[in-house]
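Spelled out, the chains give:
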Amino acid sequence: MWHRFIFLWFIFLLSTATPVIPQVKKIGLPSISNYGSQDYNSHPRNFSLIQANSGLIYVGNAYGVLEFDGNTWKKIELPNGLTAITLANGHNEEIYVGSVDELGRLVTDSQGQLYYSSLTHKIDTAYRQFGEVKSVLYSNEKTIFLTDHFLLTYTSEEFTVQRKTNETAFFQYIGAVHGRVYVKTIGGPLNILENEALSPLTWSVSLKDAKIVDILPCREDQELIVTQNSGLYLYNGSELISYPVPRPIATSEITCVFPLEGNFIALGTYQHGLFIVDQDGKLIQHIDKSKGLNSNRINALYKDRENNLWAALDNGVAHITLSNAFSFFREASGLLGMGYASLIKTSDIYLGSNLGLYHANRSNVNLEGFQFIEKAEGQVWNLFEINGNHFMGHERGVFKVEGGHVELLKATQNAWTFLKLEDRPHQFLVGTAQGILVFELTGSGWKFANKLTGFNEPSRIMAQDKDGVIWVCHGNKGLYKLTLSNDLQSTESIQFYGLEDERLPFYVSSVLDTEMGVLFTTSDGIARYNVENDTFELFDFVNRHLGNNKYVDKIFEDKDGNLWIIQEDNIRVLNPLDNGSYILLNENIIREMSGQLVGSYEHVNVYDRGNIFIGTQEGFAHLDLDYNISNRKEKQKHQFPSWIRKIESATNPDSAFFLGAINANMDRVVTLPYKLNGISIDYSAGLFQDHKSLSYQYAFDLQEQGSPQWSEWTNLTRKEYTNIREGAYIFRVRARDMFGNMSAIDTFDFKILPPWYRTKKAYIIYGTIILLALILLTLWIVQKFKLQKERLVEEKNKELLLKEKEVEEERIKADRERIKLINEKLAQQVAHKNTELATVAVQISQKNEFLYQLRKNLNALASHNEIQPTSIKKIIKVIDHDTRLDNNWERFQFHFDQVHQDFLKRLSAKFPALTKTSLKLCAFLRMDLSTKEIATLMNISTSGVEKRRYRLRKKLELDPEVNLVEFIKEI
């Protein structure tokens, strides 16, 4: 049972092991990406372009040189706004530029900024008016600038000048083929440049009036000479032979030419766009403005490393993906609408869209395009062939298709699908929006027979199993299992498996009859029907190849029994084995067309390995599977580059540290102060064909870390880092295409300086401070121990003093008690003395009262005549004298000073001017006696007391605000 597998596997390996040389596809139009002035922000007109050794694209523009990395355009200006007419690669990364009376090269500054550096000043002043630089040729380590008037050869930083043999003629062409350098002047023959001398070639005399566009190597040692208006010629080493080309080329003015892989030639013209011919001169492609270019005038062509073509246009730049396994039938091919159905025959192609049916001659489809078939306008759902007859399922019914015409067989609403019946070659079914129709072959051809009765459900997807059962898939309801009557008039039985049916545990999107039986595409993978238990089971032999996501949108089977499984814009191809299992032949076939299929109506028609038609939202794609495999192998052989394009401050976008120049001699390291420790990095990769599908991975690690810590894959082309700690870092970036091919890794070194407080000088200062601190700490500790010792001694002394103090306090307390007793005794004595003083004062007062009364009585008696006044007055005088000199005062004074610590003595000493009366008043005030009491003791009136108090204040010289009593008590 393995013989079939071995044979198929051998065929598969044979077809894929030997790489197919990339070539121009002969069917369908290539994908074209146009870049206009709004994209590159410069003049729309472009004159030349090259791909540098780095992989970057450079374009000579009317306002300078443009640089493109797939993501970003940059402009490099020339002096005085000159035009970059021609570009050429030089040694390593050198790019030479030619203009009018100006030439130079692109060089890199210290920041990686590419700028134009003039070389004109190195030319002898006599030759600096050289006119337009028409071409630049780098050969044998020399750079030759072909100008209007001179050949300027630049080597070892010096120019040598080659004059024209005819001073009136301008130089017109220079090129190198098979090691020979050809030079031509206007009106002259071709010349060979050898040893800085021009030698004319006699065989080229017939070309003297022709303007040579280029000379290409062709067929071993032959050379193809392309002229602007005089045709193409083949030089075989002995004679010049006219090279036949199609009339559209022969009548066009050719501006540029470039050889392509597989012996194809691309020709650019002034007014008719781009022509591509094979080695025999047969026209393969004609691409102009109507087919996708922005302009019909092409000024220059260049084939990049991916074997794709770049065109410098009068209005923009075009990228034409000739190496893509996919080509397209869209509006440029005369086809309008989304692709739903196709029918491929040996000589014809029928394509059905949502706008109608289109037909083309297969052998000339690229040049003539598709023609719309009358009466077929509207939604085309399906195209069907049976017994050499062609049918169309249309929104208006079932049509027969023949050549460029259609005939309506049955009007109905949405004829979705056709189904051939086993053992019934003269009948077929049509699934419609209102049930199933039966068609049969009669003597007059295919006719509508009848509609199946008993079943009126929409039947967009149908299949018949080996038992003759018809399966109808209804996406919104479930599955129907129909058994038809022998005469195909009705349904004998209908079994329904709804979305909630336990026998159908998953959502079913479509059904297909294959060599392995009827297969159902579901949300969980591919399933099969188990007749015995009337359930649906997952088909593990297939599902094991579906990856993590098992959801299947649709399934197709080709003529070899291979299963084409569509999953989320991806197609896997499985080959069946005799044991019922499958092997995976291919996957990711249409990854580059992600998002372009027509959802829920996916269409894949495998005519053969080289002709696979896929419906898209803009028409149809044509896939050459062998070309696809070969293209992948070529990409795996040649690793594409990745580029770090710009590095700038994350906080200040105007502060750029690196501006993206690809220069092997440049020191790719940047040192940043700590205040700029946030950076933004832009990157790209040198894969232009599938650039939008690229994903990137980056790593930012310390240099001593070793293996990089790669990020997750991302589509972003910028990464920002902030607050980076000081250190030596390395940034790495790499890219991955849709097939998993990895780019080379690009790197850039960073050194982030520490902040001033983390520099070596700062650490020395910190060390010095720490050392001083340690010394001071040691001294402090020693001093602390010393103080602690002194404190302990002091505390002990304090304890002794405290004890002494306690003893002293006890003594003092005892003394205080003793003093208190003494004071209490003294207080008693004072009280006793005060009592005595009061008694003396009262006695004095009583005595004075007595004497005063006696004096009063005597005065009364003296008023009587019978008593001698003189005698009585004498008595009164004696009494008065006694009153004033009574010795009771001395007694009072003695006791008062004893009680009040010699108050009267101290008062007399301090104020000697005080009289005895004043002293007595002071004593009474000291005893807190009232004015009335003082008046009684002094035998005067209260007003007299006040007067004496006033006189006393004056003697004491007291201010009015001073209290007299308080003052006396303080003495």
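Residues numbered from 1 in each chain as written. Predicted model: local features only at pLDDT ≥ 70, side-chain atom pairs only at ≥ 80, totals over all residues. Heavy atoms only, no water.

Student: Honestly, the UniProt feature "transmembrane region" (unreviewed entry) in the protein in this entry has me stumped. Any pointers?
Tutor: The positions that UniProt labels "transmembrane region" (unreviewed entry) are, in the present scheme, residues 763-782. The span residues 763-782 shows a helical share of 100% and a strand share of 0%, and its end C-alpha atoms are spaced 28 Å apart. (UniProt positions renumbered as here; feature names shortened; annotations may be inferred. Helix = DSSP H or I, 4+ residues; strand = E, 2+ residues; numbered from the N terminus.)

Student: In this structure, what is going on with the UniProt feature "coiled-coil region" (unreviewed entry) in the protein? I would like to understand it.
Tutor: Cross-referencing UniProt, the feature "coiled-coil region" (unreviewed entry) maps to residues 790-825 in the present numbering. As a span, residues 790-825 carries 100% helix and 0% strand, and end to end its C-alpha atoms are 49 Å apart.

Student: Whenever I open this one, the sheet that holds strand β38 (residues 415-421) confuses me. Can you help?
Tutor: For sheets, the rule is that strands pair by backbone hydrogen bonds, running either parallel or antiparallel. Read across the sheet, 4 strands follow the order β38-β39-β40-β41 without closing on themselves; strand pairing throughout is antiparallel. Single-partner strands in this sheet number two, and they are β38 and β41 (445-451). Within the sheet, the average angular offset between the axes of one strand and its neighbour, ignoring direction, is 30°. One ladder, built from 6 bridges, connects strand β39 (residues 424-432) with strand β40 (residues 435-442); its direction is antiparallel. Considered in β40, the bridge of Val-430 is made with Leu-437. (Pairing = 2+ DSSP bridges. Axes fitted to C-alpha atoms, helices over the stretch in contact; angles between N-to-C directions.)

Student: Which parts of the structure should I look at to understand helix α13 (residues 942-956)?
Tutor: Given 3.6 residues to a turn, an α-helix orients residues that are three or four positions apart in the same direction. Compared with an ideal rise of 1.5 Å per residue, which puts 15 residues at 21 Å, α13 spans 21 Å between its outermost C-alpha atoms and is within 8% of the ideal. The set of residues buried in α13 consists of Gly-944, Val-945, Leu-952, Arg-953 and Leu-956. Check the buried side of α13 and you find it contacts α11 (916-926), α12 (931-937) and α14 (964-969). Among the residues trailing α13, Glu-957 stands out with phi positive, at a value near 60°. (Expected span 1.5 Å × (residues − 1). Buried < 20%, exposed > 50% of the residue type's maximum accessible area, 1.4 Å probe, protein only. Contact = heavy atoms within 4.5 Å.)

Student: How should the packing of aromatic side chains be read in this particular structure?
Tutor: Each aromatic ring pair is summarised here by two numbers: the centre-to-centre distance and the angle between the ring planes. The full count for this structure, using the stated rule, is 57 aromatic pairs. Judged by centre distance (6.3 Å) and plane angle (70°), the ring pair of Phe-68 and Trp-310 falls under edge-to-face. Here the residue Phe-68 occupies a position in strand β4 (residues 64-68), and Trp-310 occupies one in strand β27 (residues 309-313), the gap between them amounting to 242 residues. Each member of the pair, Phe-68 together with Trp-310, is buried. Taking 5.7 Å as the distance between ring centres and 85° as the angle between the ring planes, the aromatic pair formed by Tyr-340 and Trp-381 counts as edge-to-face. Of this pair, Tyr-340 sits in strand β30 (residues 339-344) while Trp-381 sits in strand β34 (residues 380-386), placing them 41 residues apart in sequence. In terms of burial, Tyr-340 and Trp-381 fall into one category: buried. (Phe/Tyr/Trp six-rings, centres within 6.5 Å; stacked < 30°, edge-to-face > 60°.)

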